Amino acid sequence: MLLAEEKIDMNGLKKVSTPSATRSWCPVPHHTAVTGVLDQLQVKGFELDAEPEIGMSHNRLRCFWLFNLKSTHSDYHVSIGGRNSHDKAFSLALYGGANVFICSNLQAFSEYALKTKHTTNIFDRLHHLIGVALDEIKTDSLVNDMRIEEYKNYEVDNEMLIHDHLIP
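Computed from a prediction, not measured in an experiment: that's the story for all the values here.

A.B. asks: Which residues make up the environment of alanine 93, and what are the values?
C.D. replies: As for its placement among the helices and strands, alanine 93 is situated in strand β5 (residues 92–97). With relative accessibility at 1%, the residue alanine 93 sits in the buried group. C-alpha of alanine 93 to C-alpha of lysine 115: the two residues are 22 residues apart in sequence and 4.2 Å apart in space. Leave out the neighbours within four places in its chain, and alanine 93 touches Trp65, Gly81, Gly82, Arg83, Leu114 and Lys115.

A.B. asks: Go over the sheet that holds strand β2 (residues 53–57), please, and point to the residues and values.
C.D. replies: Taken together, six strands build an open sheet; the order of strands is β1-β2-β3-β4-β5-β8 and the sheet is antiparallel. Whereas interior strands pair on both sides, the edge strands pair on one side only; in this sheet they are β1 (6–8) and β8 (112–116). When strand polarity is set aside, the average angle formed by the axes of neighbouring strands in this sheet is 20°. By the bridge criterion, five bridges tie β2 to strand β3 (residues 62–68) in an arrangement that is antiparallel. Bridge pairing links glutamate 53 to leucine 66 in β3. Along the sheet, helix α2 (residues 30–41) makes contact with β2, β3, β4 (79–85) and β5, crossing β3 at roughly 20°. In the packing of helix α3 (residues 122–153) onto the sheet, contacts are made with β4, β5 and β8, and the angle to β8 comes to roughly 175°.

A.B. asks: Pulling in residues and values, what's your account of the environment of serine 17?
C.D. replies: Looking at where serine 17 falls in the secondary structure, it is placed in the loop between α1 (10–14) and α2. On the accessibility criterion, serine 17 (59% relative accessible area) is exposed. Separated by 95 residues in the primary sequence, serine 17 and tyrosine 112 have C-alpha atoms spaced 29 Å apart.

What counts as what
Residues numbered from 1 in each chain as written. Predicted model: local features only at pLDDT ≥ 70, side-chain atom pairs only at ≥ 80, totals over all residues. Heavy atoms only, no water. Helix = DSSP H or I, 4+ residues; strand = E, 2+ residues; numbered from the N terminus. Buried < 20%, exposed > 50% of the residue type's maximum accessible area, 1.4 Å probe, protein only. Contact = heavy atoms within 4.5 Å. Pairing = 2+ DSSP bridges. Axes fitted to C-alpha atoms, helices over the stretch in contact; angles between N-to-C directions.

This is how it looks when you write it as structure tokens:
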């Protein structure tokens, strides 16, 4: 779920300006952050289920996004989200898993998170970090698949167990 003051598409995102870098701070353009993830999704075996949801806040200084991915099963779907800040409020971050929530105040919750500061060498490591994050999210998804199958195959046949698990 993505809650945003302002929603924007990829064309609009390209037009958002990026502040100049300083000696120790190098802001990643919002468009670069989003396309960096999109470019690696298919390589890592993911496929978008719908158009990306992209939100902006704080006079477009903060950007956040959510991608819902196609699923091979009907029990849940994996989402990948992220946030980026041009006002030094937050690190660039990627989130993933079955439950991803990102709000316009850039609070984010998920099973997996990777964050990196906007340092002068961020562009040297950004592609690699996105790849690592997507690999971890894929692994988490496979673990969820196995867990759900185990739950489906587990039979509770004792009334006392049923009572203990279902009634608080």
